Amino acid sequence: MRRRGRGPVVAVLVAVAVLALGGGAAVLYLLGQDDEAPLVTPSASAPAAGTGVPEASASGPTSAPSAPAPESSADPRFVKAGQCVRNDGPAGGKPKLLISDCGPQTYEVLRRIDGATSGEKDAAAKCAKVDGYTNWYFFDSELDTLDFVLCLKQR
C-alpha cells in the first residue's frame, strides 16, 4: 500500500488557523475602537459659538414631549437638502443633531455632500462653494463611504 503524506492536511489546518486568528484580531481591533463624534463647527461668517450650533434651550421644549421617533427618522445620517436639523446636545457639550421641523433655532440643510472627508478644513472648503451657508457639520467615520458634510443655514 502506498502511504499518503501529511503535508496537505497540515497545510489546510494551518490555513484555517491563520484565518481564525486574523478574524479574531480584526474583531478585537474593531471592538477597541471608539467612534469619533460628529463635529459641528461654525464657518468664518457664523457668530462665534463653540460648536456653531445653538445650544439646547435651558427652559426646555416649548411643546409637550412626544414619543421618541425611530432612530433612523431623526438621525442626521439620513437628512436631505431642504430638511432642517436642531441641536439637542447639552449646553457646551458635544452637539447632537436631530432632523426636525424647520423653525427658530434650527438649521436648514442647503447641501449634503456624501463621501470621504478629512475634517474641518475639508468641510469648510466644500461649504464655501454653497451660497448662503452659515455653518457646517461633518461626520468622519472609519469607513469613508459613511462620511458626509452638511452645509447649513441658521434660521
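Structure: above.
So, here is what we can say about the structure in this document. (Residues numbered from 1 in each chain as written. Predicted model: local features only at pLDDT ≥ 70, side-chain atom pairs only at ≥ 80, totals over all residues. Heavy atoms only, no water.)

**Re the overall build of the chain**
Secondary structure summary: the chain contains three helices and six strands in total. The buried share of the chain, reckoned over its 155 residues, is 30%. Considering only intrachain contacts with a sequence separation of at least 6, the fraction spanning at least 24 residues in the chain is 54%. For the chain, the exposed surface amounts to about 10,600 Å²; the carbon and sulfur share of it is 59%. (Helix = DSSP H or I, 4+ residues; strand = E, 2+ residues; numbered from the N terminus. Buried < 20%, exposed > 50% of the residue type's maximum accessible area, 1.4 Å probe, protein only. Contact = heavy atoms within 4.5 Å. Areas by Shrake-Rupley, 256 points an atom, 1.4 Å probe, with all protein chains shown as cover.)

**A closer look at the packing of aromatic side chains**
Aromatic ring pairs are described here by two measures, namely the spacing of the ring centres and the angle between the planes. Evaluation of the coordinates by the stated rule reveals three aromatic pairs. Measuring from centroid to centroid gives 6.0 Å for Trp-136 and Phe-138, while their planes differ by 35°, and the two rings are tilted. Trp-136 sits in the buried class, given a relative accessible area of 3%. An aromatic cluster of three or more residues is present, and its members are Tyr-137, Phe-139 and Phe-148. (Phe/Tyr/Trp six-rings, centres within 6.5 Å; stacked < 30°, edge-to-face > 60°.)

**Description of the pattern of salt bridges**
All told, the structure shown has five salt bridges when counted by the stated rule. Across the pair Asp-122 and Lys-126 runs a salt bridge whose closest N-O atoms are separated by 3.1 Å. Pair noted here: Asp-122 and Lys-126 are both in helix H3 (residues 120-127), with a separation of four residues, about one helical turn. (Salt bridge = Lys/Arg side-chain N within 4 Å of Asp/Glu carboxyl O.)

**Examining unusual backbone geometry**
Non-glycine residue Gln-105 carries a positive phi angle of around 60°. Mapped onto the fold, Gln-105 is located in the loop between strand S3 (97-100) and strand S4 (107-114). Using a relative accessible area of 52% as the deciding quantity, one classes Gln-105 as exposed.

**Describing the state of the cysteines**
Using the criterion set out here, one finds two disulfides in the structure. Covalently, Cys-84 is tied to Cys-102 through a disulfide, its sulfur atoms 1.9 Å apart. Around the S-S axis, the bridge from Cys-84 to Cys-102 shows a dihedral of about 100° and counts as right-handed. In this pair, Cys-84 sits in strand S2 (residues 84-87) while Cys-102 sits in the loop between S3 and S4, placing the two residues 18 residues apart along the sequence. On the accessibility criterion, Cys-84 (1% relative accessible area) is buried. Overall, the relative accessible area of 39% leaves Cys-102 in the partly exposed class. The disulfide partner of Cys-127 is Cys-151, and the S-S distance across this bridge is 2.1 Å. A torsion of -90° about the S-S bond marks the disulfide between Cys-127 and Cys-151 as left-handed. Highlighted residues: Cys-127 in helix H3 and Cys-151 in strand S6 (residues 148-154), separated in sequence by 24 residues. Among the residues examined, Cys-151 registers a relative accessible area of 0% and is labelled buried. Cysteine pairing for the chain (bonded cysteines numbered in sequence order): 1-2, 3-4. (Disulfide = S-S within 2.5 Å.)

**With respect to the nonpolar core**
A general tendency of soluble globular proteins is for nonpolar side chains to be buried together. Counting residues in each nonpolar core, the largest one holds eleven residues, listed as Val-79, Val-85, Leu-97, Ile-99, Tyr-107, Val-109, Tyr-137, Phe-139, Phe-148, Leu-150 and Leu-152. Where this core is concerned, the elements lending two or more residues are S3, S4, strand S5 (135-139) and S6. Setting aside residues up to four positions removed in sequence, Phe-148 forms contacts with Pro-76, Arg-77, Arg-112, Ile-113, Asp-114, Gly-115, Thr-117, Tyr-137, Phe-138 and Phe-139. (Core = buried A, V, L, I, M, F, W, Y, C linked by side-chain atoms within 4.5 Å.)

In short, shape yes, function no, at least from these values alone.
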